[in-house]
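# Structural features, examined
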Amino acid sequence: MEGSMLPLRALPSDQSLRLAVQGYGWLPNLRRRYGTETVQVRLLGQPAVGLYGPDAARFFYDEEHIRRHGAIPGPVQVTLFGRGAVHTLDGADHRHRKAIFTSLLTAEGIATLETYVGRAWDETVETWDAVRPVVLFDEVSQMLTRAVCQWVGIPLAEPEVAPLAADLVAMVDGFGSLGPRHWRARRARSHREQWLADLVRRIRRADPDSAVGSPGSAAGSPESATGSPGSAAGSPVLPGSPVELVARYRDTEGEPLDPVVAAVEVLNLLRPTVAVCWYVTFAAHALHRWPQARERLRSGGTDHVAAFGHEVRRFYPFAPFVGGRAARDLVWQEVPIPAGSLVLLDLYGQNHDPKLWPDPYAFDADRFLGRKIGAFDLVPQGGGDPRTGHRCPGEKTTVALLNTLTARLSTLDYEVPRQDLDIPLHRIPTRPRSGFVLVPR
């Protein structure tokens with residue numbers, strides 16, 4: 001790879017408007033425009049450097065180079081992640097807090113969540129009929145909400161599912177916008193942080209011996225929670241459940257989290273799980289556009305399901321890039337990066353790099369059959385080791401749930417009526433405009 005410093009005067013004074021207009025194509029377009037692989041720009045009034053590629057990802061995820069503290073823009077923090085979230089920490093504090101997530105998202109924990117999600121899909125599909133069209137995006141978001149709340153141990157009555165799903169979707173849907181979606185996301189986050197902070201306070205006040213439920217977490221046994229009617233404001237919480245673990249967590253100084261910060265981390269279990277509805281909707285879009293993939297999924301076994309899921313996450317866009325700040329004065333590919341500069345890693349560009357993925361704008365699940373995926377190659381949810389770095393600790397969960405629901409979707413008999421299935425690349429995060437309407441048969 002080669003890089004060269006681009007003088008700021010060669011670019012518009014600030015790239016924020018271009019980003020809003022071009023969306024996922026913004027960084028790739030800059031590289032094509034200037035014929036370089038590393039670009040220097042201004043974004044949100046700050047100097048920034050855009051990088052891409054496996055070597056750049058390895059450089060970016062080295063904490064000696066890039067820090068996350070202070071890097072997440074305010075609009076993203078107050079919608080997607082929440083103030084004080086694990087994503088904003090570095091070093092020992094980050095690893096200590098992240099242990100909450102890695103201790104829960106084990107193979108056993110993920111398998112249990114898969115069980116809940118599969119059950120929620122089966123029960124929901126049974127209620128569909130051949131007359132009423134359904135919007136897959138909305139239906140899957142509610143399935144996932146119902147399942148993840150049961151897994152986390154949050155008592156939730158059935159009438160609460162749809163409003164909670166809408167709020168969790170809004171938090172994700174608003175992170176790339178400064179308009180109405182952004183304000184809807186802020187309202188949703190504020191409401192749900194207070195809701196869960198109240199639950200955290202109640203857990204801390206409760207006598208553990210009075211809690212209802214057998215020892216062990218909802219993440220450990222599919223039969224340990226029944227999703228009985230009730231609300232988070234008044235029903236008991238299972239001892240040892242993920243929500244109780246977060247409520248009783250102590251930081252590196254031995255102090256409990258502020259209740260609102262604890263609520264933020266509970267939402268960081270709920271929100272990414274519900275966000276899988278984006279990928280399931282993309283999977284439906286792929287099955288509709290390339291119907292031959294359906295038969296491969298039905299007859300090819302788990303390897304084909306996994307390959308299809310990886311190609312969905314590579315081909316379809318979610319996060320355009322991730323950002324951090326230079327921990328000190330750095331040089332990347334002969335480009336100086338002053339300490340404190342904003343550094344952007346282009347995820348969309350890397351996932352469509354022809355050097356990594358031949359014919360990258362063709363959907364080809366076979367490219368993942370028999371291919372070992374490097375830690376810095378396929379990066380829809382970041383790169384590196386999720387146990388120690390800033391790669392999303394829920395990526396394995398995303399993959400597992402996408403595979404579970406894709407396998408079921410491929411066997412579902414349905415029609416796709418006329419609708420707007422366009423996926424606008426200026427919208428972040430994007431999705432099919434219609435949400436993918438289907439009519440069961």
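Refer to the preceding data block for the structure.
Report follows, based on the coordinates.

Counting buried positions along strand β5 (residues 321-326) yields 5 of 6 residues, so the element is predominantly enclosed. Note that strand β3 (residues 66-67) and β5 share 2 bridges and pair antiparallel. Opposite R67, over in β5, you have R325 as the bridge partner. Bridge analysis of β5 against strand β8 (residues 342-346) gives 5 bridges, and the strand direction is antiparallel. Paired with G323 across the strands is L344, a residue of β8.

This part is about the packing of helix α4 (residues 74-81) against helix α9 (residues 180-205). For the pair α4 and α9, the least separation of the axes is 8 Å and the interaxial angle reads 50°. When the axes of α4 and α9 are compared, the pair comes out oblique. For the pair α4 and α9, the sense of crossing is left-handed. Residue-level contacts link P75, V78, T79, L80 and F81 of α4 to H182, A185, R186 and R189 of α9.

Take the environment of V49 next. One can find V49 in strand β2 (residues 46-51). Owing to a relative accessible area of 2%, V49 belongs among the buried residues under this scheme. When the C-alpha atoms of V49 and G323 are compared, they prove to be 9.7 Å apart, with 274 residues separating the residues in sequence. Discounting residues that sit within four places of it in the chain, V49 has contacts with T38, V39, Q40, I337, L342, V343 and L344.

This paragraph deals with the nonpolar core. One finds L136, I154, L270 and F308 to be the most contacted residues of the largest nonpolar core, which totals 124 residues. Those residues within four positions of L136 in sequence are excluded, and the remaining contacts are W121, W128, V280, T281, A284, L409, G435, F436 and L438. In terms of nonpolar packing, the next biggest core, distinct from the first, is built from 5 residues, A307, L356, W357 and F368 among them.

Further remarks concern unusual backbone geometry. Following I428, the chain continues into P429 via a peptide bond in cis, with omega recorded as -10°. Examined against the element boundaries, P429 turns out to sit in the loop between β9 (414-415) and β10 (437-440). One non-glycine residue with positive phi stands out, namely E334, at about 70°. Summarising the element assignment, E334 is placed in the loop between β6 (330-332) and β7 (335-337). With a phi angle near 50°, D359 is a residue other than glycine that sits in the positive phi range. With respect to the secondary-structure elements, D359 resides in the loop between α15 (347-351) and α16 (395-411). Residue class for D359 comes out exposed when judged on its relative accessible area of 54%.

α16 packs onto helix α12 (residues 276-289) with a crossing angle of 40° between their chain directions and a minimal axis gap of 10 Å. When the axes of α12 and α16 are compared, the pair comes out oblique. With respect to the hand of their crossing, α12 and α16 are arranged in right-handed fashion. Packed against α12, whose contacting residues are V276, Y279, V280, A283, A284 and L287, the element α16 presents T398, L401, L402, L405, T406, L409 and S410 at the interface.

The strand order β1-β2-β8-β5-β3 describes an open sheet built from 5 strands, whose pairing is mixed. Each of the sheet's edge strands pairs with one partner strand only, and the pair in question is β1 (39-43) and β3. Two strands pair when backbone bridges link them, and β1 and β2 are joined in this way by 5 bridges, in the antiparallel orientation. Directly across from L43, in β2, lies its bridge partner Q46. Strands β1, β2, β5 and β8 of the sheet are contacted by helix α2 (residues 26-34), whose axis makes an angle of about 135° with β1.

Overall, the coordinates contain 25 salt bridges when judged by the stated rule. The salt bridge partner of E244 is R248, with a shortest N-O separation of 3.4 Å. One salt bridge in this structure joins R298 and E295, with 3.2 Å as the shortest N-O distance. Linking R298 with E295, this pair stays in helix α13 (residues 292-300), spanning 3 residues, or about one helical turn.

We now examine the environment of D122. Mapped onto the elements, D122 comes out in helix α6 (residues 107-125). Residue D122 is classed as partly exposed on the basis of its relative accessible area, which comes to 34%. Here the alpha-carbon distance between D122 and L405, two residues 283 residues apart in the chain, equals 9.9 Å. Here the side chain of D122 touches R408 through a polar contact of 3.1 Å, side chain to side chain.

The rules behind each value
Residues numbered from 1 in each chain as written. Predicted model: local features only at pLDDT ≥ 70, side-chain atom pairs only at ≥ 80, totals over all residues. Heavy atoms only, no water. Buried < 20%, exposed > 50% of the residue type's maximum accessible area, 1.4 Å probe, protein only. Helix = DSSP H or I, 4+ residues; strand = E, 2+ residues; numbered from the N terminus. Pairing = 2+ DSSP bridges. Axes fitted to C-alpha atoms, helices over the stretch in contact; angles between N-to-C directions. Parallel < 35°, antiparallel > 145°, perpendicular 65-115°, else oblique. Left-handed = near helix turned anticlockwise from the far one by under 90°. Contact = heavy atoms within 4.5 Å. Core = buried A, V, L, I, M, F, W, Y, C linked by side-chain atoms within 4.5 Å. Salt bridge = Lys/Arg side-chain N within 4 Å of Asp/Glu carboxyl O. Polar contact = N/O pair within 3.5 Å; in protein donor to acceptor, adjacent residues only side chain to side chain.

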